[in-house]
Amino acid sequence: MKRFDTLPEPLPLLPYLGRWLLLACAVAVLAGSASAVFLLALDWATTTREHHRWLIWGLPLAGFAVGWLYLKLGREVEAGNNLLIDEIHDPRQVVPLRMAPLILFSTVVSHLFGASVGREGTAVQMGGALADQFTHIFKLRPEDRRILLMAGISAGFASVFGTPLAGAIFGLEVLAIGRLRYDALLPCVVAAVVADQVTGLWGVHHVHYAAGALPGIGPWSLGAVLVAGIVFGLVGMVFAEATHAASAFMKRHISYAPLRPLVGGLAIAALVWFTGAWRYAGLGIPSIVEAFQQPAAPWEFAAKMGLTVASLGTGFKGGEVTPLFYIGATLGNALAPLLHLPFPMLAALGFVAVFAGAANTPLACTLMAMELFGAEIGVFAGLACVVSYLFSGHTGIYKAQRVGQGKLRHWPEGLKLGEVAAFRRRQQATSSDESDNTSPSPSHGQGNGNGGIVEPQGSREER
C-alpha cells in the first residue's frame, strides 16, 4: 500500500481505469444486445397489433397470464426499477437473472395486445439484472456492486433511446433527489456509450425528431419556457401520483394479483375498441412524431395519460418514459399557441421536461434534449427541465428513489418517495400538538460516507 503513496497520483488510477473499462464494456455488450433484441421484438409486436386489431381483446387474458407468471416465478423481481434502486442504496442480494427474460417477455406481450406502456423500464431492468451477475463471477464488494448496477442502468437506458450522455447521467441521477455519486461516473459513461454502439451494430435504429427553428434567447422566450416548465412539472406530478393511486386502489380491492391486469385489460380493450382510441395503445411513436409536425388536439396528452395510468396501475409491465414523451410532446404542442412559441420547439421541451419532473432527473433530460434535438436547444431545455423538476414536488414514478437534498425545505435524508405521504401525515399530527406522539420522522440513515448513496436503516418498502 505504501509504495503507491510514493508514486505520482495518476499512476495508481491505471489499474482502476483498466478494471472498470473491462467491467463496463462487458455490461454494455450484454445490455446493448438485450436492448437490441427487445427493440426488434417490440417492432414486431407493434406491427402485428396494428395489422390485427382484434388482438386487443386478448389483452385481459395476456394480463392474467403475465400476472400469474410473476406470481409463480417473479415475486422477487416484481418491484422492477425500484428493486434496482433499493439494491444500490441498501445491498442485500444479487438481483435474480430471471428478471431479464421475465420483463422482456411481459413487456412484448403488453405491447402485442395493446397496453399503453413504455420500454425504458424493461431496458433498465435487463441492464441491471445482467450487470449484477458479475457480482457472483468476480466476488465484488458491496461498494463495487453498487457502481456495477448503476452502470447497468445507464447502459440499458442509453441503448433503448440512443442517448448515451443522458443514459450515463440517468444512472447517477435517478437514485436520489439532489445528489450524484461521481465515483460511478466513469463506469456509467463507458457503459452507456458502448451499449448504444452495440445496439447500433445489431442494426437497430432510433426515431429522429426535429425541433425546428428556435427563437432567440430573450425575456419573452425564456419567460414562456419557464411557464411551460411549471405546467410540465405539475403534469409529471399528476401522472406519478395517479399511477401510484391506481395501483394502490387495485391492490386494496383485488387481492389476487393476476386478476388486476385481467380486469384492467378488459376495460382498456373495451375503451379502445368502442371509442376508436387506437392511437393511445402501445408506445404511440407515430403520434409523437406528429406532435412535431402539426398541431395536436388539446386533450391528446390527457387521453394518453389516462390509458397509461390504467395500464400501469392495473399491473401491465413495461415502463413510463415513452408514454411520458407522448404526454409531454402533445402537451407542449397544445401550449405553443398560448405562449406564442413554435409548436415543434415546445413539443421537444415537453418531450423531455415532463419526464424530468416525473423522474426527478433534470440533468439527464437536458442532455437528452441536446442529443435528440441539437445542442442549440440546451438553454431552453435546461430551464424547462429544472423548473419542471422543482414543480413536480417530492413525488415521482420511482417510489424507491431517495431524498438526498430536498427541493425547497429540509426533508429527512434517505426518505423514500413512497414514504413521503406517511411522513407528511406524521408532521401534521405533531403540529396539532399531540404530545403523546413518537418522533415524526421514520428511521432513515443520515450521511454515511458512501459517496452520496443514502442507506435506510429500516425494512424495505413492501413490494
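Residues numbered from 1 in each chain as written. Predicted model: local features only at pLDDT ≥ 70, side-chain atom pairs only at ≥ 80, totals over all residues. Heavy atoms only, no water.

## What to know about the overall build of the protein
In step 1: Counting its regular elements, the protein contains 18 helices and two strands.
In step 2: When the backbone C-alpha atoms are referred to their principal axes, the protein occupies close to 75 × 55 × 55 Å.
In step 3: In the protein, buried positions account for 57% of the 463 residues.
In step 4: If you take every contact in the protein between residues at least 6 apart in sequence, the share linking residues at least 24 apart comes to 77%.
In step 5: Roughly 19200 Å² of accessible area belongs to the protein as shown, and the carbon and sulfur atoms make up 65% of that amount. (Helix = DSSP H or I, 4+ residues; strand = E, 2+ residues; numbered from the N terminus. Buried < 20%, exposed > 50% of the residue type's maximum accessible area, 1.4 Å probe, protein only. Contact = heavy atoms within 4.5 Å. Areas by Shrake-Rupley, 256 points an atom, 1.4 Å probe, with all protein chains shown as cover.)

## Here we look at the pattern of salt bridges
In step 1: On inspection of all chains with the given rule, the structure shows 13 salt bridges.
In step 2: A salt bridge links Glu290 to Arg279; the shortest N-O distance between them is 3.2 Å. Remark: Arg279 occurs in the loop between α11 (259–275) and α12 (285–291) and Glu290 occurs in helix α12; sequence separation between them is eleven residues.
In step 3: Arg279 sits in the partly exposed class, given a relative accessible area of 34%.
In step 4: Through salt bridges with shared partners, one network takes in Arg19, Arg141, Glu143 and Asp144. (Salt bridge = Lys/Arg side-chain N within 4 Å of Asp/Glu carboxyl O.)

## Details of the packing of aromatic side chains
In step 1: Throughout the structure, instances matching the rule amount to 19 aromatic pairs.
In step 2: Between Trp273 and Trp278, the aromatic rings sit 5.9 Å apart at their centres with planes inclined by 75 degrees, giving edge-to-face as the arrangement.
In step 3: Judged by relative accessible area, Trp273 falls into the partly exposed class, the value being 38%.
In step 4: Lying across the ring of Tyr70, Lys317 places its NZ or CZ 4.5 Å from the centre.
In step 5: Lying across the ring of Tyr389, Lys407 places its NZ or CZ 4.3 Å from the centre. (Phe/Tyr/Trp six-rings, centres within 6.5 Å; stacked < 30°, edge-to-face > 60°. Lys NZ or Arg CZ within 6 Å of the ring centre and 35° of its normal.)

## A few points about the state of the cysteines
In step 1: On inspection of all chains with the given rule, the structure shows zero disulfides.
In step 2: Left without a disulfide partner, Cys25 is nearest to the cysteine sulfur of Cys188, which lies 13 Å away.
In step 3: Between Cys385, a free cysteine, and Cys365, which holds the nearest cysteine sulfur, the sulfur-to-sulfur gap is 5.2 Å.
In step 4: Take Cys385: its relative accessible area is 0%, and that puts it in the buried class. (Disulfide = S-S within 2.5 Å.)

## Here's the deal with the packing of helix α13 (residues 300–313) against helix α14 (residues 321–339)
In step 1: Contact geometry for α13 and α14: axes closest at 8 Å, N-to-C directions at 160 degrees. The orientation of α13 relative to α14 falls into the category roughly antiparallel. For the element pair α13 and α14, the recorded crossing hand is left-handed. On α14, the residues that touch Glu300, Phe301, Lys304, Met305 and Thr308 of α13 are Pro323, Tyr326, Ile327, Thr330 and Leu331.
In step 2: For the contact of α13 with α14, a count of residues per class yields six nonpolar, two polar and two charged. (Axes fitted to C-alpha atoms, helices over the stretch in contact; angles between N-to-C directions. Parallel < 35°, antiparallel > 145°, perpendicular 65-115°, else oblique. Left-handed = near helix turned anticlockwise from the far one by under 90°. Nonpolar A, V, L, I, M, F, W, Y, C, P; charged D, E, K, R; others polar.)

## Some details on the environment of Gly418
In step 1: Mapped onto the fold, Gly418 is located in the loop between β2 (402–403) and α18 (420–431).
In step 2: Gly418 sits 19 residues away from Lys399 along the chain, and the two C-alpha atoms are 4.4 Å apart.

## Looking at the nonpolar core
In step 1: If you look at the biggest cluster of nonpolar residues, it comprises 129 residues, and the most contacted ones within it are Phe170, Ile288, Phe292, Leu349, Phe351, Phe355 and Phe373.
In step 2: Sort the elements by how many residues they give to this core and helix α15 (residues 343–359) lands first, with 13 residues.
In step 3: Listed in part, the eight residues of the second largest apolar core include Tyr389, Val403, Trp411 and Leu417. (Core = buried A, V, L, I, M, F, W, Y, C linked by side-chain atoms within 4.5 Å.)

## Side note on the packing of α15 against helix α17 (residues 378–391)
In step 1: Viewed as axis vectors pointing N to C, α15 and α17 meet at an angle of 35 degrees, and their least axial separation amounts to 8 Å. Helix-helix and strand crossings are classified by hand; for α15 and α17 the assignment is right-handed. Contact residues: Met345, Leu349, Val352, Ala353, Val354, Ala356 and Gly357 in α15; Phe380, Ala381, Ala384, Cys385, Ser388 and Tyr389 in α17.
In step 2: In terms of residue class, the contact of α15 with α17 is made up of eleven nonpolar, two polar and no charged.

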